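Observations on the model geometry
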Amino acid sequence: LAADEDESETLKRRMTREQVVEYLEFYRDLGVDFVYRRAAPTQSDLPPLAPVGETLDQIRLDIGDCKRCRLSEARNSIVFGSGNEHARLVFVGEGPGADEDEQGLPFVGRAGQLLTQMIDNTAAKEGIPISRADVYICNVVKCRPPENRTPQPDEMQTCGHFLYRQLMTIKPKAICALGATAMKALLNSKEGITRQRGQWQKWHGIPVMVTYHPSYLLRQYNQQARREAWEDLKTLFHFVYD
Ligand code: SF4
């Protein structure tokens, strides 16, 4: 009887061919090129697929006290995202900085204040009745990289499946990729940001506009880049809210 039970457990754990195909397609879409399998795999060895119809709260629960990548080592908080769960527009940045790590919220430091101004002022000038609270804001990685370094490809891949699930749950009308890391994560693009910004691209059928990260606009006092970023937001807002 015990042997029969063991066998039926093994059968239950074995993935069907369709499940394996679905699994590999999911990770291929995230840009993951290799999936390693342990010698004696069980389903719990593999990260779960995005369930259909899940909520942001369920995704946050699934993240838990995540230690799936090395960025967990020095973080204080997991910065999941904030804003309207039914937003028509989602902004995706790179990762939390010191202020965000301390408060557990995205874009609350100086770059965040600039982003808030850009959203609120563009909307006001263009006569679009929204503010920052109406959009959703999150990052490619949910934990602060030490010394604000750029997240490494394996960290972006590991954390990227939470971003994928957030975007699939919200299903916005458009996404704004802030800076080169978000652009790489969403579009797998190796081109420079100055060439890519201001043009419409697509992520799983959802239009994506790439623009400068607000911290770049703060660092480089570059009037032209600022002007271009405002132009990008204007185009984006009219597309989403007109
Ligand atoms: S960055 Fe993402 S995958 Fe890495 S520990 Fe934090 S939540 Fe987990």
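To start, this report covers the structure provided alongside it. (Residues numbered from 1 in each chain as written. Predicted model: local features only at pLDDT ≥ 70, side-chain atom pairs only at ≥ 80, totals over all residues. Heavy atoms only, no water.)

1. Observations concerning the packing of helix H3 (residues 56-63) against helix H6 (residues 153-170)
Using the following cut-off: Interaxial angle, 0 to 180 degrees, is taken between N-to-C directions of lines fitted to C-alpha atoms, where a helix line uses only the stretch in contact. Helix and strand assignments come from DSSP, with helices taken as H or I runs of at least 4 residues and strands as E runs of at least 2, each series counted from the N terminus. In these notes the angle categories are as follows: under 35 degrees is roughly parallel, over 145 is roughly antiparallel, 65 to 115 is roughly perpendicular, and the rest is oblique. Two helices that cross are described as forming a left-handed crossing if the nearer one is turned anticlockwise from the farther one by less than a right angle, and a right-handed crossing if clockwise. Residue contacts are defined here by distance: any two heavy atoms, one from each residue, within 4.5 Å place the two residues in contact. Classification used: nonpolar for Ala, Val, Leu, Ile, Met, Phe, Trp, Tyr, Cys and Pro, charged for Asp, Glu, Lys and Arg, polar for all others including Gly.
Axis separation between H3 and H6 bottoms out at 10 Å; the angle between their running directions is 165°. Classified by the interaxial angle, the pair formed by H3 and H6 is roughly antiparallel. The way H3 lies across H6 gives a crossing that is right-handed. Between H3 and H6, the contacting residues are Leu 56, Ile 59, Asp 62 and Ile 63 on the first element and Phe 162, Arg 165, Gln 166, Thr 169 and Ile 170 on the second. Partitioned by chemical class, the residues of the contact of H3 with H6 number five nonpolar, two polar and two charged.

2. Observations concerning the pairing of strand E5 (residues 200-203)
So the rule is basically this: At least two bridges found by DSSP between two strands is the condition for calling them paired.
Sheet topology places E5 next to strand E6 (residues 206-211); four bridges connect them, and they run antiparallel. Looking across to E6, one finds that Trp 200 is bridged to Met 209. Between E5 and E6, which follow one another and run antiparallel, lie two residues, and His 204 among them has a positive phi close to 45°.

3. With respect to the pattern of salt bridges
Here is the rule: Salt bridge, as used here: a side-chain nitrogen of Lys or Arg that lies within 4 Å of a carboxyl oxygen of Asp or Glu. Each residue gets one of three labels from its accessible area relative to the maximum for its type: buried under 20%, exposed over 50%, partly exposed in between, using a 1.4 Å probe on protein chains only.
Applying the stated criterion across every chain, the model contains twelve salt bridges. Between Glu 231 and Lys 234 there is a salt bridge, with its nearest N and O atoms 3.6 Å apart. Linking Glu 231 with Lys 234, this pair stays in helix H10 (residues 223-241), spanning three residues, or about one helical turn. Assessed through its relative accessible area of 40%, Glu 231 is described here as partly exposed.

4. What to know about the packing of helix H5 (residues 110-126) against H10
The geometry of H5 relative to H10 is characterised by a closest axis approach of 10 Å and an angle of 60° between their N-to-C directions. The angle between H5 and H10 places the two elements in the oblique class. Considering the relative orientation of H5 and H10, their crossing is right-handed. Across the interface between the two elements, Gln 117, Met 118, Ile 119, Asn 121, Thr 122, Ala 123 and Glu 126 of H5 pack against Ala 229, Trp 230, Leu 233, Lys 234, Phe 237 and His 238 of H10. Residues belonging to the contact of H5 with H10 are distributed by class as follows: seven nonpolar, four polar and two charged.

5. Let's talk about the side chain of Ser 77
Summarising the element assignment, Ser 77 is placed in the loop between H3 and strand E1 (82-83). The exposure class assigned to Ser 77 is buried, which follows from its relative accessible area of 15%. What Ser 77 contacts, discounting residues up to four positions off in sequence, is Glu 100, Asp 101, Glu 102, Gly 104 and Lys 142.

6. Concerning the environment of Thr 194
As for its placement among the helices and strands, Thr 194 is situated in helix H8 (residues 193-196). As for Thr 194 and Gly 179, which are separated by 15 residues in sequence, their C-alpha atoms are 9.8 Å apart.

7. Points about the pairing of strand E3 (residues 136-139)
Burial of E3 is two-sided: the residues Tyr 136 and Cys 138 facing one way and the residues Ile 137 and Asn 139 facing the other way are all buried. Here E1 runs beside E3; their pairing, made up of two bridges, is antiparallel. Within E3, the residue paired with Ser 82 across the bridge is Ile 137. Relative to E3, strand E2 (residues 89-93) runs parallel, the two sharing four bridges. Bridge pairing links Gly 93 to Asn 139 in E3.

8. Some points on the packing of aromatic side chains
The condition that has to hold: Between 30 and 60 degrees the pair is tilted, below 30 it is stacked and above 60 it is edge-to-face, where a pair is any two Phe, Tyr or Trp rings, Trp via its six-membered ring, whose centres lie within 6.5 Å. A positively charged side chain is recorded as over a ring if its NZ (Lys) or CZ (Arg) lies within 6 Å of the ring centre. The angle to the ring normal must also be within 35 degrees.
Scanning the entire structure with this criterion turns up four aromatic pairs. With centroids separated by 5.2 Å and ring planes inclined at 20°, the aromatic side chains of Tyr 212 and Tyr 216 adopt a geometry described as stacked. Among the residues examined, Tyr 212 registers a relative accessible area of 4% and is labelled buried. Overall, the relative accessible area of 23% leaves Tyr 216 in the partly exposed class. Here Phe 237 and Tyr 241 contribute two aromatic rings whose centre-to-centre distance is 6.0 Å and whose plane-to-plane angle is 80°, an arrangement assigned as edge-to-face. Within this pair, Phe 237 and its partner Tyr 241 are both found in helix H10, separated by four residues, close to a single helical turn. Just above the ring of Trp 230 sits the side chain of Lys 125; from NZ or CZ to the centre is 5.4 Å.

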